[in-house]
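Analysis of the macromolecular model
Each chain is listed here by its residues.
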Amino acid sequence: MVKTLWDEHIEVLPREILSKIQLNRLRKVLARAYHNLPYYRRKLEEQNIDIYNITSLADLERLPFTTKDDLRQAYPFGAIAEPMHNIVRIHSSSGTTGSATVVGYTSQDIEIWSQLMARTLAGCGVTQEDVIQVAFGYGLFTGGLGVHYGAEKLKATVVPMSVGNTLRQIQILRDFGISVLCCTPSFALYLAEVARENHVDWSQTRLRLGIFGAEPWSEEMRTEIEKKLPIKAFDIYGLSEVIGPGVAFECEFHNGLHISEDHFFPEIIDPRTGKVLGEGEFGELVFTTLTKEGTPVIRYRTGDLSALFYEPCRCGRTLVRMQRVASRTDDMLIVRGVNVYPSQIESVILSFDGVEPYYQIVLTRENYSDKLEVQVEVSPRFFSDEIKVLEKLKKQMEDKLKAELNVSCEVKLLEPKSIIRSEGKAKRVIDLRKKEGVS
Ligand code: DLL
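For every chain, the first residue of the written sequence is number 1, and numbering continues from 1 onward in sequence order. The predicted nature of this model means local features are confined to residues of pLDDT at least 70 and side-chain atom pairs, given and counted, to a pLDDT of 80 or more, with totals for whole chains, interfaces and linings taken over all residues. As a rule here, side-chain values cover all heavy atoms of the structure and leave hydrogens and water aside.

Looking at the chain, the domain boundaries give domain 1 (1-331) and domain 2 (333-431). As annotated, the domain borders come from an automatic or database domain assignment. Once you take the C-alpha centre of each, domain 1 and domain 2 turn out to be 30 Å apart. Two residues qualify as a contact provided that any one of their heavy atoms is within 4.5 Å of a heavy atom in the partner residue. Taken together, the contact pairs 27 residues of domain 1 with 20 residues of domain 2. What counts as buried area is the accessible surface, traced by a 1.4 Å probe, that two parts surrender upon association, with contributions from both included. Summed over both sides, the interface between domain 1 and domain 2 buries roughly 1900 Å², with carbon and sulfur atoms accounting for 50% of that surface. For domain 1, the biggest contributors to the area lost against domain 2 are E193, E220 and D331; these three give 23% of the whole. The rule for a salt bridge is simple: a side-chain nitrogen of Lys or Arg has to be within 4 Å of a carboxyl oxygen of Asp or Glu. One can count three salt bridges joining domain 1 with domain 2. Residue E356 pairs with K228 through a salt bridge whose shortest N-O separation is 3.1 Å. Numbered from the N terminus, helices here are DSSP runs of H or I no shorter than four residues, and strands are runs of E no shorter than two. Among the secondary structure elements, those contributing two or more residues to the side of domain 1 that touches domain 2 are α8 (185-197) and α9 (219-228).

This part takes up the site of the ligand. Taken together, 20 residues lie around the ligand, and D235, I236, S240, D304 and K425 are the ones closest in. Under the rule applied, a polar contact is a pair of N or O atoms within 3.5 Å (in protein, one hydrogen donor and one hydrogen acceptor; residues adjacent in sequence only if both atoms are side-chain atoms). Here a nitrogen atom of the ligand sits 3.0 Å away from a polar atom, N or O, in the main chain of A214. At 2.7 Å from a nitrogen atom of the ligand is found a side-chain nitrogen or oxygen belonging to D235. Those elements that provide at least two residues to the shell around the ligand are α6 (142-153) and β7 (232-239). At five residues, β7 tops the list of elements feeding residues into the shell around the ligand. Looking at the shell around the ligand residue by residue, the classes come out as nine nonpolar, six polar and five charged. Here a residue counts as near a molecule or strand whenever at least one of its heavy atoms sits within 4 Å of it. Amino acids are sorted into nonpolar (Ala, Val, Leu, Ile, Met, Phe, Trp, Tyr, Cys and Pro), charged (Asp, Glu, Lys and Arg) and polar (every other residue, Gly among them).

Structural data, given as structure tokens:
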């Protein structure tokens, strides 16, 4: 039996004891933020809040949020709470919009992060016997180095591939007896496609586990990946402002992602009002780091939509479970007044046979009205079929999308391989509405 509990005493701790640890840590981090982070101190003073009056975890909701904008305005080092000589690593997230946020890590932060990533990988079933191909980017992005340090802490063998060069990735995967692949789900699909074209015989490899994250992916996408690669696929979640990967992970029961609550205190809020929501209610995830020295954040608004479940899991962990992140507060598209999430579109597309899991959502404006086009690649075996078959598929997809989204859209079936493959985070929405200058 594989030991998946890395921190046995913490991961299954009775919740009352966990709460005591959290409160103790919270008080320390609040003092650190107040004394060492001018931007947060200003917020507290503006609202006349004395952090020494925060005496319970429930009091946390009286504190102001930290936003991505706060961190951007603090660029480059204004969110760092330690003298620079105590900072041993810097990471930065550019995001797809706006300027970068910068986070600093002390030696202790790096040690805790490595432990948390070891916990994450162990939770997904990785052991010391595994050889791990890390195909997340190394560099300012936290994915590569985050997984790398955790895998070493676990004493697994790490192959630090970083992103790109898919053929070489496949060669290494075969030659080095890789058993665990870590990358974005979209890169896993691409790798599977290139492997198929190169007649890789999976039975000649040791691949058995896939650990994916850094971008939203659906249950249908998991099925698709598990069909194409000889693996069980696990979801890991994190963000650089909080630490990087290592915030939450799936166990073998795939019953939501366990949050490492001894280090990150989660809340779910209504993104419009900021009000804290109850267990199981869907809203925006907010994190307070409980042990970070370099860049602590208090009530950081992630923009990610999820819900929390406190009932213990069948794996025995008492750590709260978060629903997988399928969408963000800022990826909601408004199409002719109707709210549409790209994740809904993905689920519909992948429920069809005959198309590949490569798609793009293109929004334009015609005659003052939004036009939603979903471009999907047809499977090579279907593409040679008669036009009538393809037309039927297109119509069925359009009908199902309309039923799901409550707004009509046009499906455009593309030849195999027309959509650019992603090696990192996939970009699936192209919104041309603003550029056309009609508002
Ligand atoms: O993506 C950290 C990471 C690296 C997580 C490797 C997992 C694996 P950032 O670049 O700061 O950090 O992006 C963070 O990516 O707020 C989510 O919107 C999204 N995201 C990360 N993991 C998941 C996931 C890394 N498993 C942002 N599911 C987050 C859905 C995810 N979205």
